[in-house]
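Observations on chain architecture
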Amino acid sequence: MSLAVSDRPDGQPGAVPEDTHSHVRAYLRSQLAAMHPAYFALAMATGIVAIASHLLGLREFAVGLAWINLVAYPTLCVLLIARFAVFPERVLADLKDHGRAPGYFTIVAATGVMGAQAALLHDRVLVAQILWWTCVVLWAACTYTVFAVLTVSEYKPSLEKGINGGWLVAVVATQSVCVLGCTLGGAVLVDREAALFTLMAFWLGGGMLYLWIIGLIFYRYMFFRFSPEDLMPPYWINMGAVAISTLAGALLAGQAESSALLGPMRPFILGLSVMFWATATWWIPMLLVLGIWRHRVRKVRLSYDPLYWGLVFPVGMYSVCTFRLAAALDATFLVWIAQASVVAAAAVWLLTFLGLARRVLYVVLLAFRRPRARSLDIQAEQAVIGAYQPGG
């Protein structure tokens, strides 16, 4: 219990007990209400950096990240269900928000990454197969709910306000179905040839979706005013979406070697994969330059935001896709790029995780400290955490 200033029955000011933990509950409730649909990027990023570390020899680091993800993913699932139950109106509002609705596709992508992690790091093939089917169901639900709701929405923002790199998570979600299916060797349907054909359809569909969306994003870049606040971390998905398309293509090409159906198309698959990789590589210097402009030139303060997990994921994915493409092409000269990328991915993951840990530590300290008054608590929360702005 803490003491708050109040009025006594005799009219004199005095101190009455106040429940300290009510502040914590109120804070956690507000955070749940404002929880961004894209928070599953935490599991996406952690899982892909774990896989990259595993493939490139950082085994101990990979195991540590894998265990963290085994906690993070189900925790995010519980929080999502809680948000659906407690704040259904917020969930519906997010579905109608052009800035936040695409964030729901991170649920699909995170499920796909968890499946790949289960197969590669934990050798749990059955679990990975179950997660593949879950991924397909979630993909269908998100694709035909989010896009349908935004299509028939009466209020639609301008292209300048409505489009951002987060829209490309829809591409990542689509390609994650192909990546997990290829990781399982096509063992997701009774007929392997039918499975590989289905996976190729997801791969090509995701590639076409990227072309549709990136054209709008590039048009927004070139012909609308671009402020530092507009350059949110999800713009790194510009690169991440083609990186996972590269990975899907490289894995699909590997499966095509033993497929009578896909075998003749293997050169086409590899050629398109190289195009995707070249596009991803082109984006990296561009995004770095824009990041320097935002934080060094325009002095935007660098602070933790859950959307920064959308920056970590593309860096880790670039490492994995480069490694897999090098194997598919027998181009060993590309391996050093994958090695350098996994170091960068580990570094940005650690920095982002420290930001998250600082926020969690704040909540723990809030639970045990002695606030002098409710007003001071509210001021401290705003100073340390900052108010969340919907649509970011």
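Please refer to the structure placed before this passage.
The residue count restarts for each chain, going from 1 along the sequence in the order it is written. Note on the predicted model: pLDDT of at least 70 is required for a residue's local features to be given, and 80 or more for side-chain atom pairs to be given and counted; whole-chain, interface and lining totals, by contrast, use all residues. Hydrogens and water molecules were not included; the side-chain quantities draw on all heavy atoms of the structure.

Some details on the environment of Tyr-308
Quick note on the threshold: Helix and strand definitions follow DSSP, with helices as H or I runs of at least four residues and strands as E runs of at least two, each counted in order from the N terminus. Only protein chains enter the accessibility calculation, which uses a 1.4 Å probe; a residue whose area is less than 20% of its type maximum is buried, one above 50% is exposed, and one in between is partly exposed. We call two residues in contact when some of their heavy atoms are within 4.5 Å.
Looking at where Tyr-308 falls in the secondary structure, it is placed in the loop between α11 (266–297) and α12 (309–329). In this structure Tyr-308 comes out as buried when scored by relative accessible area, which is 14%. In this structure the C-alpha to C-alpha distance between Tyr-308 and Pro-234, which are 74 residues apart in sequence, comes to 7.3 Å. Setting aside residues no more than four positions away along its own chain, Tyr-308 makes contact with Pro-233, Arg-294, His-295, Leu-302, Ser-303 and Thr-352.

Here's the deal with the packing of helix α3 (residues 59–86) against helix α4 (residues 88–95)
Going by this rule: Here an axis means a line fitted to C-alpha atoms, over the contact stretch when the element is a helix, while the angle between two N-to-C directions is reported on a 0 to 180 degree scale. We call two directions roughly parallel when the angle between them is under 35 degrees, roughly antiparallel when it is over 145, roughly perpendicular when it lies between 65 and 115, and oblique otherwise. Three classes are used, and their members are as follows: Ala, Val, Leu, Ile, Met, Phe, Trp, Tyr, Cys and Pro are nonpolar, Asp, Glu, Lys and Arg are charged, and the others, Gly among them, are polar.
Look at α3 against α4: their axes get within 5 Å of each other, and the N-to-C directions meet at 105°. Taken together, the axes of α3 and α4 are roughly perpendicular relative to one another. On the side of α3, the interface is formed by Arg-83, Phe-84, Ala-85 and Val-86, while α4 contributes Pro-88, Glu-89, Arg-90, Val-91 and Asp-94. For the contact of α3 with α4, the class distribution of residues is 5 nonpolar, no polar and 4 charged.

Remarks on the packing of aromatic side chains
What counts is decided by this rule: Ring geometry is summarised as follows: Phe, Tyr and Trp rings, the Trp one being its six-membered ring, pair when their centres sit within 6.5 Å, and such pairs are stacked at plane angles under 30 degrees, edge-to-face over 60 and tilted between the two.
Under the counting rule described, the total for this entry stands at 20 aromatic pairs. Here Trp-203 and Phe-276 contribute two aromatic rings whose centre-to-centre distance is 6.1 Å and whose plane-to-plane angle is 90°, an arrangement assigned as edge-to-face. With Trp-203 in helix α9 (residues 192–223) and Phe-276 in helix α11, the pair connects residues that are 73 residues apart, well separated along the chain. In terms of burial, Trp-203 and Phe-276 fall into one category: buried. Here Tyr-221 and Phe-226 contribute two aromatic rings whose centre-to-centre distance is 5.2 Å and whose plane-to-plane angle is 55°, an arrangement assigned as tilted. Both residues of the pair, Tyr-221 and Phe-226, belong to the buried class.

Overview of helix α2 (residues 41–55)
To keep it simple, the criterion reads: The span one expects for a helix is its residue count, reduced by one, times 1.5 Å.
For α2, spanning 15 residues, the distance from its first C-alpha to its last is 21 Å, which sits close to the expected 21 Å at 1.5 Å a residue. Within α2, 14 of the 15 residues are buried, leaving the element largely enclosed by the surrounding structure. Directly after α2, the chain includes Gly-57, whose backbone phi takes a positive value near 95°.

What about the side chain of Gln-117?
Selection rule: Pairs of N or O atoms are called polar contacts if they sit within 3.5 Å, as long as, within protein, a hydrogen donor faces a hydrogen acceptor (for residues adjacent in sequence, only side-chain-to-side-chain pairs).
Structurally, the position occupied by Gln-117 is in helix α5 (residues 105–120). A distance of 3.1 Å separates a polar atom in the side chain of Gln-117 from a polar atom in the side chain of Asn-69. Each residue touching Gln-117, except ones within four places of it in the same chain, is listed here: Gly-47, Ile-51, Ala-66, Asn-69, Leu-70 and His-122.

Brief notes about a nonpolar patch on the surface
Condition: Residues enter patches when they are more than 30% accessible in relative terms and free of salt bridges; like-charged ones are connected within 9 Å and nonpolar ones (Val, Leu, Ile, Met, Phe, Trp, Tyr) within 5 Å. In these tables, accessible area is a Shrake-Rupley quantity obtained with a 1.4 Å probe, and a residue counts as shielded only by the protein chains included in the view. Salt bridges, as used here, are contacts in which a Lys or Arg side-chain nitrogen is within 4 Å of a carboxyl oxygen on Asp or Glu.
On the surface, Phe-218, Tyr-219, Met-222, Phe-223 and Trp-282 cluster together to form a nonpolar patch covering roughly 570 Å² of accessible area. With 4 residues, the top contributor of residues to the nonpolar patch is α9. Here Met-222 is to be found in helix α9. Residue classification places Met-222 among the partly exposed positions, given a relative accessible area of 45%.

Side note on the pattern of salt bridges
Taken as a whole and judged by the stated rule, the model has 3 salt bridges. With a closest N to O distance of 2.8 Å, Asp-94 and Arg-83 form a salt bridge. Note that Asp-94 is positioned in helix α4 and Arg-83 in helix α3, a separation of 11 residues in sequence. Considered together, Asp-94 and Arg-83 belong to a single accessibility category, that of buried residues. One salt bridge connects Asp-94 with Arg-100, and the closest N-O pair in it is separated by 2.6 Å. Arg-100 gets classed as buried once you look at its relative accessible area, which sits at 2%. Through salt bridges with shared partners, one network takes in Arg-83, Asp-94 and Arg-100.

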